[in-house]
Amino acid sequence: FIIYLRYLIGFAFIFSSIVKTQGLRFTTDNDAENPINSAWHFFETFYQSRIYWRFLTIAQFITGTILSIQRFAKLGAFLFLPIIANIFVITISYDFNGTPIITGLMLFATILLLVWNWDSLKFLFNMKPTNSDQKRLENDTIWMYLGCIFIALTIVAKLILNDERIIYAFLLFPIVGLIELLISLNRKKLYN
């Protein structure tokens, strides 16, 4: 569950950053004419800022990548927290309809990942980590490679496929992930 949760929220950031890398708006229109306190006007201002737009693009891509590559997932979750907290506050500050539910769930998932890794993050608060972390299934290097494959597939799917067909590419992810889980479990049995 934790491995796939990392992939899920990591890929959300990677996918979002690809849209920004292409120089596209969140919306299809120039929304500068909308009321100043509307979400649409905020998006247009955000898009026109350029520097912040690029900064967030890079931050989302790096953080999503780090989180998706399981070896660095603790750092990814740690970096993910302030970004998703910022996005969540923005979505509750404007009328975003149901978006605060999604961003709230992403924030909750990030907190869950940090709680999951609490033993190894204790050193940040001068507490001793335990050695139980070494025996976890998620520390198998196969998950790191799978994360790299998923990142490449996400980028290729977004750049090549149109929006109607992109869902078919993402349907492959659970199948590939299940195969990798079976391989990892089998490897763990062989080494125990």
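See the structure printed just above.
What comes next is a walk through the structure. (Residues numbered from 1 in each chain as written. Predicted model: local features only at pLDDT ≥ 70, side-chain atom pairs only at ≥ 80, totals over all residues. Heavy atoms only, no water.)

A short note on helix α2 (residues 39-48)
Logical step 1: Restricting attention to buried positions, one finds in α2 the residues Ala39, His41, Phe43, Glu44, Phe46 and Tyr47.
Logical step 2: Those residues of α2 that are buried lie in contact with α1 (2-21) and α3 (51-68).
Logical step 3: Where α2 terminates, the next one or two residues include arginine 50, which has phi positive at roughly 60°. (Buried < 20%, exposed > 50% of the residue type's maximum accessible area, 1.4 Å probe, protein only. Helix = DSSP H or I, 4+ residues; strand = E, 2+ residues; numbered from the N terminus. Contact = heavy atoms within 4.5 Å.)

A word on the layout of surface pockets
Logical step 1: Considered as a void within the structure, the second largest pocket measures approximately 370 Å³ in volume.
Logical step 2: Along the wall of the second largest pocket there are 14 residues; nearest its centre are Tyr7, Leu8, Phe11, Phe170 and Phe173.
Logical step 3: Here the residues of the lining of the second largest pocket sort into 13 nonpolar, 1 polar and no charged. (1 Å grid on protein atoms, 1.4 Å probe; cavity = no way out; pocket = protein on both sides within 12 Å on 5 of 7 lines; lining within 4 Å. Points joined across faces, edges and corners; volume = space filled by probe spheres on them. Nonpolar A, V, L, I, M, F, W, Y, C, P; charged D, E, K, R; others polar.)

Details of the nonpolar core
Logical step 1: Ranked by size, the top nonpolar core spans 21 residues in total, and within it Ile9, Phe13, Leu67, Phe80, Ile84 and Leu113 carry the most contacts.
Logical step 2: Mapped onto this core, the elements with two or more residues apiece are α1, α2, α3, α4 (73-93) and α5 (99-116).
Logical step 3: Here the element with the most residues in this core is α4; it accounts for 6 residues.
Logical step 4: Setting aside residues no more than four positions away along its own chain, isoleucine 9 makes contact with Leu67, Phe80, Met106, Ala109, Thr110 and Leu113.
Logical step 5: By size, the runner-up hydrophobic cluster in this structure holds 13 residues, among which are Ile14, Ile18, Met144 and Phe150. (Core = buried A, V, L, I, M, F, W, Y, C linked by side-chain atoms within 4.5 Å.)

Considering the packing of α1 against helix α7 (residues 141-160)
Logical step 1: Interaxial distance between α1 and α7 falls to 10 Å at its minimum, and their mutual angle equals 30°. For the crossing formed where α1 meets α7, the hand is right-handed. Listed contacts from α7 to Ile3, Tyr4, Tyr7, Phe11, Ile14, Phe15, Ile18 and Val19 of α1 are Trp143, Leu146, Gly147, Phe150, Ile151, Thr154, Ile155, Lys158 and Leu159.
Logical step 2: In terms of residue class, the contact of α1 with α7 is made up of 14 nonpolar, 2 polar and 1 charged. (Axes fitted to C-alpha atoms, helices over the stretch in contact; angles between N-to-C directions. Left-handed = near helix turned anticlockwise from the far one by under 90°.)

Observations concerning a nonpolar patch on the surface
Logical step 1: There is a patch of nonpolar side chains on the surface, built from Phe72, Leu75, Phe78 and Leu79 and spanning about 370 Å² of accessible area.
Logical step 2: Residue phenylalanine 72 is classed as partly exposed on the basis of its relative accessible area, which comes to 42%. (Patch = residues over 30% accessible without salt bridge, like charges linked within 9 Å, V, L, I, M, F, W, Y side chains within 5 Å. Areas by Shrake-Rupley, 256 points an atom, 1.4 Å probe, with all protein chains shown as cover. Salt bridge = Lys/Arg side-chain N within 4 Å of Asp/Glu carboxyl O.)

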